[in-house]
Amino acid sequence: MEIRYKLQGASADLDEAISFHRQALDLCPSGHPNKSSFLSSLADCIQTRYKSHGGFGDLEEAISLHQQALNLCPAGHSNRALCLHNLGSCMQLRYERQGALEDLEEAISLNQQAFELCPVGHQSSSSFLNNLAKSMQARYKSQGTLEDLKNAISLHQKALDLSPVGHPNRPSSMVNLACCMQCRFQSQGDLEDLEEATSLLQQALDLFHCSHPHRSSCLNNLAGCMQYRYELEGKFEDLEEAISLNEQALKLRPVGHPYRLTSLNNLANSIRCRYNSQGELGDLEQAISLHQQAIDLCPVGHPERSLSLNNLAYCMECRYRSLGTLADLYEAISLNEKVLELCLGGHPIRPLSLNNLANCMQCRYQSQGALEDLEEAICHHQEALALRPVGNPHRSSSLNNLADCMQSRYHLQGALGDLEEAISLHQQALDYCPVGDPNRSSYLNNIADCIRFRYESQGILEDLEVAMSLHQQALALRPVGHPNRSSSLTNLAICMQSIYNSQGTLANLEEAISLHKQALDLCPVGHPERSLFLNNLADCVHSRYESQRQSKDLEQAMSLHQQALDLRPIGHPNRSSSLVNLAGCMHSRYELQGSLQDLEDAISLNQQALDLHPVGHPDRPLSLKQIGSCMKSKYDAQGALEDLEEAISLHQKALDLCPIGHPNRPTSLHNLAACMQSRYESKGALVDLQEAIFLFHQALELCSPGSTKWAYIAKKLSSSLREQFNNTCHISDILNHPSRSSSLCNLAICMQFRYHSQGALEDLDKAISLHQQTLDLHPLGHPNRPSSLNNLGSCMQSRYQSQGALEDMANAISFLQQALDLQPVGHPNRTSSLTNLVLSVQQALFQNTSHPLSLTSDIVPDPSQLIRNTIQDILHDIPPRLVQTNTGILLTQAQMAAYFCESTQFQALLTFLQQSNDWHTNVNYIQETISDYFQYCTFSHRWGPNEPSMKDILCNDSIYEMPSTIGLVKLQKFCHIAAHHGYSWAWSDTCCIDKTNSVELQKAIGSMFCWYQKSALTIVYLADIPSSPFPVTLSNSEWFTRGWTLQELLAPHAILFYTQDWSPYMNSMAQNHKQDVHVLNQLAAAARIPPQQPSKFNAGMENARLKLQWAARRHTTVLEDTAYSLFGLFNLHIPVLYGEGKEKSIVWLLKEIISQSHDISILHWVGEQSSSHSCFPSNISSYQPLPCIQPGLTDLAIQQSMSSLQQLISSDGALKVYNKFSKLPFVKFTDYILTLPCIVHHVQAVKLRQTYMDHHSYDVEAVGLRMVKIITPENLIESMQPAKSPYVLIRPWDRNILNYLEEDHEMAGYKMLMALEKPFMALMLVKLPEGEYKRICTSFFIIVCPDDPASVVNSRTTILDIV
């Protein structure tokens, strides 16, 4: 009956076989010699039924029966090896179902024992080897350890060697070995592995006769190899053969066959692949039908259901991309969400499910523009990436997908950090794809696109050249016939078009058109990408029209865009793009022929596109800009001022959507400026002209000098400036305009220059007058006031030199001193200001010893003592020991002071003071001189072997005379570089701290942030980053994973990074890498922090949780340093106690943060609780990025929400809310008790939904909240009376919110309601017998939503003590 089931697939036969086995077992009492065999036979049948029907109970019963059989076969029993083998197979099946790695490890152990019990030559040796190999292969797929795959291949090869020609198991051994070779091909991209797998499968197929039960499996595997070869080489006949082989396999698996499901999915995937290549919608519909049939064979609980749902979801997504039907996209999202619910915890396909759902969310974002969809996609991709550690064969896919999302966010928000992170992620993905990998060409294209976008933003031609080189490499990997060759041709064409836009060489444009035509020829009618390639070609032809003004080019571009639009019906995600492009052509024809109908058509098309771009959509600024340009043209043609006003309004809205850093901001500034200039020409209001000049100035600053765009805007600006100079007689009209000060300053500098070249004193007087007017426009606090003071002081000094009026010198010194006072130490212009002031003072002192600048003092101190006192003050704030870079000697502060007193600087300063009549005026000069002498460099690096200690250094005269070690050479190189940069002193944490002195060590830990902050320069050595002129992925460097290096990145004002060979990172010659935007963005991406933070970081309690999040990925060698390394970031001074343990040190840190900042956001974390307090985590790594709950509202949405609230809730209700919350105190922490004000929601019911591995999914009902889903490994009490429930869900109250509300308590109450009715992150607590509470369920964020605003009004607030 069992054999007939395997041949024909009738479930009734299998059920009957199981029944017979049960009866046989019942006839075997305990002690029967065949009982173990009968247990195994029954277990095998039930295991077979599990494989067919997916009933988890069957699998558990099979495991139990195999375990009983094994217990009856003690060591030495003849059947023990077989029982071990059978139980191992079941454990692997349970691993595949639930993803528990311990099941897989047990399967490997059991299979290993079975094989070891199998003597040489045993008939089951090859079978046992194959099973062990399959387990090793499964572990490789989970963990990504290549050693497991290598072992699996070796074991399969041994199994094959034990099955010579003619052996019945030889074909199966060939198939198993081929699957491993195919797996290695997927990992390493070696075509020889794929060819060997194909050859083995073809040989095996020849050995399986037509009715052999394993022939269908061999056909499926061979089809997979042919499909891989098609994807790699692009030969369509390989894909057709794959489809044919899958069809043959399906015919061998009729309805009822246990493996029909696999064949349906495989055939569907091959046909979908043909759709991707040929674009025949019928193929996609057939694939969907096959996947739906597969799902029908997977009832709820079936182990393959999640994979089948996943396949169907992907096809629905493809149909959405082709037809634009939103219902398909929503169906795909729904299916993916179901898959994710089935794949909890460590399920093997959870990363795939997360990726697929994220891709669908990104699709919906691209269609509807909701930022929360994009943020959710990023979160899912980040989780998927975390589940695919280094070595996982699918990690590159997750890196690539996450990079795509970061790129999308860059296009929306213009944050260059997102683009840099996308480039970094794409580079990491590419590093996983060696030459020969089928995905390499795609990853080359992806990183090239990102680098091209950076070129478009930054204008650095090298980026464009790198992008072209990468696209050319990709094209070389896609020969004629490759399914993706058209994509590479298009990408290369876009780069050629960018070069044309930059340099204006028509040959580049012609080549771009040629490449686009080749790409279009590869996409016949019906191809899903044809509309995209039509658009691309049309854009290039339109560009040629704009250059050559040939009307045939314009007509061709319009025709191509119209064809593209026809292929994108209503609902298609890219229809708006075609509408905008066709409108652009209509606008161009209007400009050529003057037909107002063309202009009206362009306006209509652009309006349709705008309707498809709601608020938040990434393409909305483009639509606004296009309509604005059309309305401007309409105004130019008809002179209706309302058209111009509408154009200004539209361009202003477009500009508002392009923040600083957005790639389209220069264009938006230019368009708005042009409209303002037109309004000036119409109305004559000089303020409009000044606004136009101001906007043109901003646009010009954002363009690369010399570029086409720069030249065009510069021409417009010069025209506006000429108009302005024609109106200088009305200068009083523009007195308060923001560009006036710039114009006055520029004119003053010109007058000053002419004075120096021609000597006309009236020019100098005029310059002084203009600088004085500029200064009047820069009051105290204005960022340009120091430069205005410097300019005016320099002019006064020049006039003093010419005329000798002491009043001019006094004024010059006064202005220069004021400028210096406004430029603190570290200001980029402080050095030049100090130089100017010193020169002026010296000139006054030595040329006029009796001038009235001198001030007398009642007490005249000893000048040498004044210097020594100043030395002590300055040394107080720097490290207690420094290495002298020229001698290599480690000196104490007393020794350093002695060195200064013997230096030429000391003698020069002493002489200067002795000749001065008033030292009070020179105190700043004394401090600056001494501070400059003691400027020091700090060293940041990853500790390695043989680092020199303070004891090692003190035992020698100089570090340059010590025996060389790796650590010493590093220290010597650091000191040489510090000396090269002009610094005499250097500090390294390896040798400048006495770590045997606990007092000194504690002071060093508390002061280290300050020492790095006060250093003149920090030098970072990245020993694991190779030298390269191009960005090298920094995220792989250990330096970015260490705890102490976070403050070493954030604290210094100036920092330089050096690679393995001690060359500057990216060969950057900047004096401070925090001011090199390319390096800075690389650093920020690697450190996972915003790009502005390294140069603008402030220590303290602000953004406390964000700082903890930055540290989450970092670790330290000494456990307690996890907390101690963060003290400086929060400006904390807490006693250091090594030996207290990591958890306790973290609790002390978090206790201080919450006590000083009252910031309850640090309570939001996921992971293991600290044993010291339930509200704090055991590790900083628990501070992962917060999930995106709900995006911010627009002003209009806020007004609408407020209006709705005021209709729902009375003013008394709003006051009730305000009074309730305003009385709550701040959170505090005393005696290990967290006293927390909060909103309490009592739990009324808990219901278990699902258990997966060691996690339980519960539905929780709580007062005032909608149903809450909680996933936790903890067992919650289900049956209870609501009044006796020990559980509460709470919303911690942040009293700081009151600081941001106005005095009107009623309005403040409504604003509180608006905030409190949104979803929020809750904490779950359980009440203890003593009346205190303890936090539980910390494995996942708990996101809840209030029932309605009324439930917020009636919510209960209280203060809980949590332990």
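Structure's up top.
What comes next is a walk through the structure. Because the structure is a prediction, the values reported are computed rather than measured.

Focus on the overall build of the protein
From N to C terminus, the protein includes 55 helices and 15 strands. Taken over the C-alpha trace, the protein has a radius of gyration of 37 Å; the compact-globule value for 1363 residues is 34 Å, and the two agree within 12%. Summarising its shape, the C-alpha atoms of the protein cover approximately 125 × 85 × 75 Å along the three principal directions. The proportion of buried residues among the 1363 residues of the protein is 54%. For the protein, restricting intrachain contacts to residue pairs at least 6 apart in sequence, the fraction spanning at least 24 positions comes to 64%.

As for the sheet that holds strand β4 (residues 985-987)
Overall, mixed pairing links the 6 strands, which are arranged β2-β1-β4-β3-β5-β6 in an open sheet. Edge strands, defined here as strands with exactly one partner in the open sheet, are β2 (889-892) and β6 (1055-1058). Taking the axes of each pair of neighbouring strands and ignoring which way they run, one obtains an average angle of 30° across the sheet. In this sheet, β4 lies alongside strand β3 (residues 936-941) in parallel orientation, the contact comprising 3 bridges. Residue pairing in the sheet places C937 in a bridge with A986 of β4.

What about helix α4 (residues 56-71)?
Its 16 residues give α4 an end-to-end C-alpha distance of 23 Å, which sits within 8% of 22 Å, the value for a rise of 1.5 Å per residue. The inward-facing, buried residues of α4 abut α3 (35-53) and α5 (80-98).

Observations regarding the pattern of salt bridges
Summed over the entire model, instances satisfying the criterion amount to 40 salt bridges. Residue K632 is joined to D636 by a salt bridge in which the shortest nitrogen-to-oxygen separation is 3.2 Å. Remark: D636 and K632 occur in helix α29 (residues 620-638); sequence separation between them is 4 residues, near one turn of the helix. The buried category is assigned to K632, whose relative accessible area is 17%. A network of salt bridges, in which partner residues are shared, links E645, R679, K683 and D688.

Structural notes on the pairing of strand β13 (residues 1333-1336)
The pairing of strand β12 (residues 1320-1327) with β13 spans 4 bridges and is antiparallel. Looking at the pairing, K1327 lines up with Y1333 of β13. In sequence, β12 turns back onto β13 through a hairpin of 5 residues, with G1331 there showing a positive phi of about 95°.

Some points on the packing of aromatic side chains
According to the stated counting rule, one finds 25 aromatic pairs in the structure shown. Arranged with centres 5.2 Å apart and planes meeting at 80°, the rings of Y1124 and Y1138 form a pair that is edge-to-face. Of this pair, Y1124 sits in helix α50 (residues 1121-1124) while Y1138 is found in the loop between α50 and α51 (1142-1157), placing the two residues 14 residues apart along the sequence. In this structure Y1138 comes out as partly exposed when scored by relative accessible area, which is 34%. Look at W1148 and Y1232: their rings are 6.2 Å apart centre to centre, the planes differ by 70°, and that puts the pair in the edge-to-face class. Taken as a pair, W1148 in helix α51 and Y1232 in the loop between β7 (1228-1230) and β8 (1233-1252) lie far apart in primary sequence, 84 residues in all. The structure contains a cluster of three or more aromatic residues connected by ring pairs, namely F900, F906, Y933, F934 and W985. Above the face of the W1165 ring, R1335 is positioned so that its terminal group lies 4.5 Å from the ring centre.

Topic: unusual backbone geometry
Of note in this structure, H1158 is not a glycine but carries a positive phi near 55°. Here H1158 shows up in the loop between α51 and α52 (1195-1208). Note on H1158: relative accessible area 21%, which makes it partly exposed. Phi is positive for C1337, close to 55°, though the residue is something other than glycine. Checked against the element boundaries, C1337 lands in the loop between β13 and β14 (1342-1344). The exposure class assigned to C1337 is buried, which follows from its relative accessible area of 3%.

As for the nonpolar core
Among the nonpolar cores identified, the biggest contains 135 residues, and L419, I451 and L470 are the most heavily contacted of them. Apart from the residues within four sequence positions on either side, L470 is in contact with L444, I447, A448 and I451. With 120 residues, the next largest nonpolar core counts I874, W1039, M1101 and L1129 among its residues.

Points about the side chain of N356
If you trace the backbone, N356 turns up in helix α17 (residues 350-368). Using a relative accessible area of 12% as the deciding quantity, one classes N356 as buried. Apart from the residues within four sequence positions on either side, N356 is in contact with N310 and N336.

Here's the deal with the packing of helix α18 (residues 371-386) against helix α19 (residues 395-413)
The contact between α18 and α19 brings their axes to 9 Å, and the two run at 155°. Looking at the two axes, α18 sits roughly antiparallel to α19. With respect to the hand of their crossing, α18 and α19 are arranged in left-handed fashion. In this structure, α18 uses L371, L374, E375, A377, I378, H381, Q382, A384 and L385 to contact α19, whose residues at the interface are R395, S398, L399, N401, L402, C405, M406, S408, R409, L412 and Q413. Looking at the contact of α18 with α19 residue by residue, the classes come out as 11 nonpolar, 6 polar and 3 charged.

Details of helix α14 (residues 281-296)
End to end, α14 covers 23 Å across 16 residues, agreeing with the expected 22 Å (1.5 Å per residue, within 8%). Turning to α14, its buried residues number three or more, namely D283, L284, A287, I288, L290, H291, A294 and I295. In an axial view of α14, the angular spread of the buried residues amounts to 165°, which keeps them on one side of the axis. Seen from the buried face of α14, the exposed residues on the opposite side, beyond 90 degrees, are G282 and D296. Looking at the buried side of α14, the elements it contacts are α13 (260-278) and α15 (305-323).

Focus on the pairing of strand β9 (residues 1255-1262)
Buried residues dominate β9, accounting for 6 of its 8 residues. Pairing geometry for β8 and β9, over 8 bridges, is antiparallel. Paired with V1243 across the bridge in β9 is A1262. As paired strands, β9 and strand β10 (residues 1268-1272) are joined by 5 bridges and run antiparallel to one another. The residue bridging D1259 from the neighbouring strand is K1269, located in β10.

Quick word on the environment of F1097
Topologically, F1097 is positioned in the loop between α48 (1093-1096) and α49 (1104-1111). Classification of F1097 as buried rests on a relative accessible area of 8%. Taking the C-alpha atoms as reference, F1097 lies 9.4 Å from H1053; in sequence the two are 44 residues apart. Once you skip the residues sitting within four places of it in the chain, F1097 turns out to touch F1009, L1050, K1107, W1110 and L1129.

Some words on the packing of helix α8 (residues 146-161) against helix α9 (residues 170-188)
At a minimum axis separation of 9 Å, α8 and α9 run at an interaxial angle of 155°. Classified by the angle their axes make, α8 and α9 are roughly antiparallel. With respect to the hand of their crossing, α8 and α9 are arranged in left-handed fashion. Residues L146, L149, A152, I153, H156, Q157, A159 and L160 of α8 lie in contact with α9, whose contacting residues are R170, S173, M174, N176, L177, C180, M181, C183, R184, S187 and Q188. When its residues are assigned to classes, the contact of α8 with α9 shows 11 nonpolar, 6 polar and 2 charged.

So, how was this worked out
- Residues numbered from 1 in each chain as written.
- Predicted model: local features only at pLDDT ≥ 70, side-chain atom pairs only at ≥ 80, totals over all residues.
- Heavy atoms only, no water.
- Helix = DSSP H or I, 4+ residues; strand = E, 2+ residues; numbered from the N terminus.
- Rg over C-alpha atoms; globule rule 2.2 N^0.38 Å.
- Buried < 20%, exposed > 50% of the residue type's maximum accessible area, 1.4 Å probe, protein only.
- Contact = heavy atoms within 4.5 Å.
- Pairing = 2+ DSSP bridges.
- Axes fitted to C-alpha atoms, helices over the stretch in contact; angles between N-to-C directions.
- Expected span 1.5 Å × (residues − 1).
- Salt bridge = Lys/Arg side-chain N within 4 Å of Asp/Glu carboxyl O.
- Phe/Tyr/Trp six-rings, centres within 6.5 Å; stacked < 30°, edge-to-face > 60°.
- Lys NZ or Arg CZ within 6 Å of the ring centre and 35° of its normal.
- Core = buried A, V, L, I, M, F, W, Y, C linked by side-chain atoms within 4.5 Å.
- Parallel < 35°, antiparallel > 145°, perpendicular 65-115°, else oblique.
- Left-handed = near helix turned anticlockwise from the far one by under 90°.
- Nonpolar A, V, L, I, M, F, W, Y, C, P; charged D, E, K, R; others polar.
- Arc of directions from axis to C-beta.

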